[in-house]
Amino acid sequence: MGKHNGVKSNRLYPLCSGYPARMSLYLASRSPRRSELLARLGVAFATLDLDIPEIRANTESPRDYVARVARQKAEAGLAQLDGAADAWVLAADTEVILGDEVLGKPADAADAAAMLARLAGRRHQVVTTLWLLSAEARMHAESVSEVTFAALSDAQIAAYVASGGWQGKAGGYAIQGVAEAFVSRLCGSYSGVMGLPLHETATLLRQAGVLA
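Draft legend 1. Spotlight on the confidence of the model for the protein. When pLDDT is averaged along the protein, the result is 88, and 89% of the positions lie at 70 or above. The low-confidence segment residues 1–22 (pLDDT under 50) makes 46 contacts with residues lying over four places distant or belonging to another chain.

Draft legend 2. Examining the pairing of strand 6 (residues 123–133) more closely. Among the eleven residues of strand 6, nine are classified as buried, and the element is accordingly described as predominantly covered. As paired strands, strand 4 (residues 88–98) and strand 6 are joined by nine bridges and run antiparallel to one another. The partner of Leu 90 across the bridge, within strand 6, is Leu 132. In the sheet, strand 6 pairs with strand 7 (residues 138–149) via eleven bridges, with the strands oriented antiparallel. By the bridge assignment, Val 126 is partnered in strand 7 with Ser 145.

Draft legend 3. The arrangement of the side chain of Ser 143 in detail. The residue Ser 143 is located in strand 7 in this model. By relative accessible area, Ser 143 is classed as buried at 3%. Sequence-distant contacts of Ser 143, defined by excluding residues within four places in its chain, comprise Val 126, Val 127, Thr 128, Ser 189, Gly 192, Pro 197 and Glu 200.

Draft legend 4. Here's a closer look at the packing of aromatic side chains. Evaluation of the coordinates by the stated rule reveals three aromatic pairs. When the ring of Phe 149 is compared with that of Tyr 173, the centres are 4.8 Å apart and the planes differ by 65 degrees; the resulting orientation is edge-to-face. Here Phe 149 is found in strand 7, whereas its partner Tyr 173 is found in the loop between helix 4 (154–163) and strand 8 (183–187), with 24 residues between them in sequence. You'll find Phe 149 and Tyr 173 in the same group, each marked buried. Both rings, one in Tyr 160 and one in Phe 182, keep their centres 5.4 Å apart while their planes meet at 70 degrees; by these two values the pair is edge-to-face. Separated by 22 residues along the polypeptide, Tyr 160 in helix 4 and Phe 182 in the loop between helix 4 and strand 8 bring together distant segments of the chain. Residue Tyr 160 shares its accessibility class with Phe 182, and that shared class is buried. Here a set of aromatic residues connected by ring pairs shows up, and it is made of Phe 149, Tyr 160, Tyr 173 and Phe 182.

Cut-offs used in this document
- Residues numbered from 1 in each chain as written.
- Predicted model: local features only at pLDDT ≥ 70, side-chain atom pairs only at ≥ 80, totals over all residues.
- Heavy atoms only, no water.
- pLDDT = per-residue confidence, 0-100.
- Contact = heavy atoms within 4.5 Å.
- Buried < 20%, exposed > 50% of the residue type's maximum accessible area, 1.4 Å probe, protein only.
- Helix = DSSP H or I, 4+ residues; strand = E, 2+ residues; numbered from the N terminus.
- Pairing = 2+ DSSP bridges.
- Phe/Tyr/Trp six-rings, centres within 6.5 Å; stacked < 30°, edge-to-face > 60°.

Here's what the structure looks like:
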């Protein structure tokens, strides 16, 4: 992934009817999934289209890596707003962790099939870290969920890969789609596995005074 080159789009999500003259909350994400989840909290926001490299350093633990990427997204978003005093930028990063390995977004269909085969019949973690930044404040939170997959046949994996549901998804699956049937046990946050844990998000926004 290359360097970000500014705000490519700035979509508005109004609280009720009409649009506020100035947005105070920005979501640093191109993910429709995260926008949908944040909108459920009933808060007005705009989205920032940023491109941040996601490369884990050799010395980073999986959770430190997730936290760093989320922080860098928020920092890049705030920089694009040129230090607006009344702006808050929310960013998140979600990764699937198996042991000490981070299973990121598959490179292709074969990579997705290999990831699903490794997850089948096993338990893994899904970690989402949030950062909420303004020109004067920095806050963060973390959601860690334990997800157990049932055993999967080669045919099940092939059918899911053929559906395209793996594309752009950490670990090669989206829990809100067909892959939900693969999950035999979830201990944690369903919205966190989707990419934006709503309890932790609402808590941060209340602390910032963005959400009542």
